[in-house]
Amino acid sequence: MQTHLFSRRPIVLSMQDRDSLTKDSPIALLNALYQCQDFVFVDSKNNPSLTKSNITKTFGYKSSFYLSFIAHKDSLNDIPRR
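The rules behind each value
- Residues numbered from 1 in each chain as written.
- Predicted model: local features only at pLDDT ≥ 70, side-chain atom pairs only at ≥ 80, totals over all residues.
- Heavy atoms only, no water.
- Core = buried A, V, L, I, M, F, W, Y, C linked by side-chain atoms within 4.5 Å.
- Buried < 20%, exposed > 50% of the residue type's maximum accessible area, 1.4 Å probe, protein only.
- Helix = DSSP H or I, 4+ residues; strand = E, 2+ residues; numbered from the N terminus.
- Contact = heavy atoms within 4.5 Å.
- Axes fitted to C-alpha atoms, helices over the stretch in contact; angles between N-to-C directions.
- Parallel < 35°, antiparallel > 145°, perpendicular 65-115°, else oblique.
- Left-handed = near helix turned anticlockwise from the far one by under 90°.
- Phe/Tyr/Trp six-rings, centres within 6.5 Å; stacked < 30°, edge-to-face > 60°.

### Observations regarding the nonpolar core
Logical step 1: The biggest cluster of nonpolar side chains holds 14 residues, and the ones touching the most others in it are Leu-13, Ile-27, Leu-29, Val-40, Leu-50, Ile-55 and Phe-65.
Logical step 2: Contributions of two or more residues to this core are made by helix H2 (27-34), strand S2 (39-42) and helix H4 (64-71).
Logical step 3: With five residues, H2 is the single largest residue contributor to this core.

This is the structure we're talking about:
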């Protein structure tokens with residue numbers, strides 16, 4: 001566990017990051033899309049803070065994000081392009 005006060009920081013997603021999303025993209029990027037956010041939180045090594053290993057602790061098994069993007073991910077259509 002990290003004990004540094006500023007171990008999490010936001011990074012802004014580029015238009016290219018958002019345009020390249022697929023249903024197999026990292027969980028942190030899919031969550032940013034789902035939440036209509038243009039940033040993700042990363043640790044001191046620039047790894048996204050939200051991962052598959054901590055997603056259920058963050059959202060729980062009954063959250064709409066978990067159900068849509070984790071449990072039933074294979075039933076998602078391609079993410080529409082603008």
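Here the narrative resumes.
### Here's the deal with H2
Logical step 1: Buried residues dominate H2, accounting for six of its eight residues.
Logical step 2: Residues Ile-27, Ala-28, Leu-29, Leu-30, Asn-31 and Ala-32 constitute the buried set of H2.
Logical step 3: Against S2, helix H3 (55-59) and H4 lie the buried residues of H2.
Logical step 4: The positive-phi residue at the C-terminal boundary of H2 is Cys-36, with phi of around 60 degrees.

### Quick word on the packing of H2 against H4
Logical step 1: Axis separation between H2 and H4 bottoms out at 11 Å; the angle between their running directions is 130 degrees. As the angle between them shows, H2 and H4 are arranged oblique. For the pair H2 and H4, the crossing hand works out as right-handed. Taken together, the residues of H4 that come into contact with H2 (itself represented by Ile-27, Leu-30, Asn-31 and Tyr-34) are Ser-64, Phe-65, Phe-69 and Ile-70.

### Overview of the packing of aromatic side chains
Logical step 1: This model, assessed by the stated rule, comprises four aromatic pairs.
Logical step 2: Ring geometry for Phe-39 and Phe-41: centres 5.6 Å apart, planes at 80 degrees, overall edge-to-face.
Logical step 3: A relative accessible area of 32% places Phe-41 in the partly exposed class.
Logical step 4: Both rings, one in Tyr-61 and one in Tyr-66, keep their centres 5.3 Å apart while their planes meet at 85 degrees; by these two values the pair is edge-to-face.
Logical step 5: Under the relative-accessibility criterion, Tyr-61 is labelled exposed at 57%.
Logical step 6: Classification of Tyr-66 by relative accessible area gives buried; the value is 14%.
Logical step 7: A connected cluster of aromatic rings, assembled from ring pairs, spans Tyr-34, Phe-59 and Phe-65.

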